[in-house]
Structures are given as C-alpha cells and as structure tokens.
Amino acid sequence: MPAWSAGLTSNLVPQYAAAVLRSNLWPGACVFGLDKKFENLYIGWGHKYTAENYSHLPLLPLKKKYPSGAEVTEVPDPHGGRGTSTASSPTGTTRQRGRGS
C-alpha cells in the first residue's frame, strides 16, 4: 500500500479543484493544495495504521434505578413550604419571619 492516497476536491470542475493527499500510514493526516499554496492538517489519535483495529473494552451496563428508602426519599417541608424561617436579632431574641415581614 502506498504511503499517501491522492485525490481532488471536485471531479466536476477539475481545473478549479484542490489536490488532496491522505496518509495511509497515519490516519487523520491530510495535505491539500491549490495553485502554489498548501496546508497540512492532522486530526487523529497519534497511532499509526494497523491492520487489526483497536477496540476498547465494552462499557459497563447502566446502573439500575437507585433504591427507595428513607435516606433518599424526599419528605414534605416541616414548615409547610410557606417560606418562613427563624432569625435571631442582635439582642439575642428569636422571632419568626415570614413573607410579609
């Protein structure tokens, strides 16, 4: 196998097409040129081509839904969800604050 494969960006109008070279040794390495300008581009994993493809281990199966229990179950707001809270004043007394105060 040759180190590079050559082609054109368009076969319809070849006089205006850019020349493209793709590396057969380093997948993801390309060179393209038009007139007297050219550019190199590499997008890959940094591994040379091998006949046997690399395959990562299969992913683990997804976890089942978390079990229900007191430690993960939401409980109603003990204050009734009215937006009230307690706050202490600078004098040390505690008063109830609600939405209107």
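Residues numbered from 1 in each chain as written. Predicted model: local features only at pLDDT ≥ 70, side-chain atom pairs only at ≥ 80, totals over all residues. Heavy atoms only, no water.

Asks: How should I be thinking about the overall build of the chain in this particular structure?
Replies: Scanning the chain from N- to C-terminus turns up zero helices and six strands. Going from N to C terminus, the chain has its helices and strands arranged as β-β-β-β-β-β. Considering the chain as a whole, with its 101 residues, one finds that 9% of them fall into the buried category. Counting only carbon and sulfur atoms, one obtains 60% of the accessible surface of the chain, whose full area is about 9,900 Å². (Helix = DSSP H or I, 4+ residues; strand = E, 2+ residues; numbered from the N terminus. Buried < 20%, exposed > 50% of the residue type's maximum accessible area, 1.4 Å probe, protein only. Areas by Shrake-Rupley, 256 points an atom, 1.4 Å probe, with all protein chains shown as cover.)

Asks: Looking at this structure, I do not really get the side chain of asparagine 24. What am I missing?
Replies: Topologically, asparagine 24 is positioned in the loop between strand E2 (19-23) and strand E3 (29-34). At 2.9 Å, the side chain of asparagine 24 and the side chain of serine 5 are in polar contact. Setting aside anything within four residues of it in sequence, one finds asparagine 24 in contact with Met1, Pro2, Ala3, Trp4, Ser5 and Tyr49. (Polar contact = N/O pair within 3.5 Å; in protein donor to acceptor, adjacent residues only side chain to side chain. Contact = heavy atoms within 4.5 Å.)

Asks: How do you make sense of the environment of valine 31 when you look at a structure like this?
Replies: Note on placement: valine 31 falls in strand E3. Residue classification places valine 31 among the buried residues on the basis of a relative accessible area of 18%. Note: C-alpha distance between valine 31 and tyrosine 42 (eleven residues apart in sequence) is 8.7 Å. Ignoring anything within four residues of it in the chain, the contact list for valine 31 reads Trp4, Ala19, Val20, Leu21, Glu39 and Asn40.

Asks: Where do I start with the sheet that holds strand E4 (residues 37-42) in this structure?
Replies: Backbone-to-backbone hydrogen bonds join strands into a sheet, with any given pair of strands oriented parallel or antiparallel. One open sheet holds the four strands; their spatial order is E1-E2-E3-E4, and the pairing between them is antiparallel. Bordering the open sheet on either side are strand E1 (4-8) and E4, each of which pairs with just one other strand. Across the sheet, the mean angle from the axis of one strand to that of its neighbour is 20°, orientation sign disregarded. Two strands pair when backbone bridges link them, and E2 and E3 are joined in this way by four bridges, in the antiparallel orientation. When the sheet's bridge partners are listed, valine 20 is paired in E3 with phenylalanine 32. (Pairing = 2+ DSSP bridges. Axes fitted to C-alpha atoms, helices over the stretch in contact; angles between N-to-C directions.)

Asks: Just to check I follow, could you spell out unusual backbone geometry for this structure?
Replies: Glycine aside, residues mostly have negative phi, and peptide bonds are mostly found in the trans state. Its identity as a non-glycine residue notwithstanding, aspartate 35 has a phi of 60°, on the positive side. Its place among the elements puts aspartate 35 in the loop between E3 and E4.

Asks: Hey, could you run me through the side chain of serine 23 in this one?
Replies: The residue serine 23 is located in strand E2 in this model. A relative accessible area of 11% places serine 23 in the buried class. At a separation of 2.9 Å, a polar atom in the side chain of serine 23 contacts the main-chain amide nitrogen of tryptophan 26. Residues within four places of serine 23 in sequence aside, it is in contact with Ala3, Trp4 and Ala29.

Interpretation note: all reported values are geometric properties and have no functional meaning in isolation.
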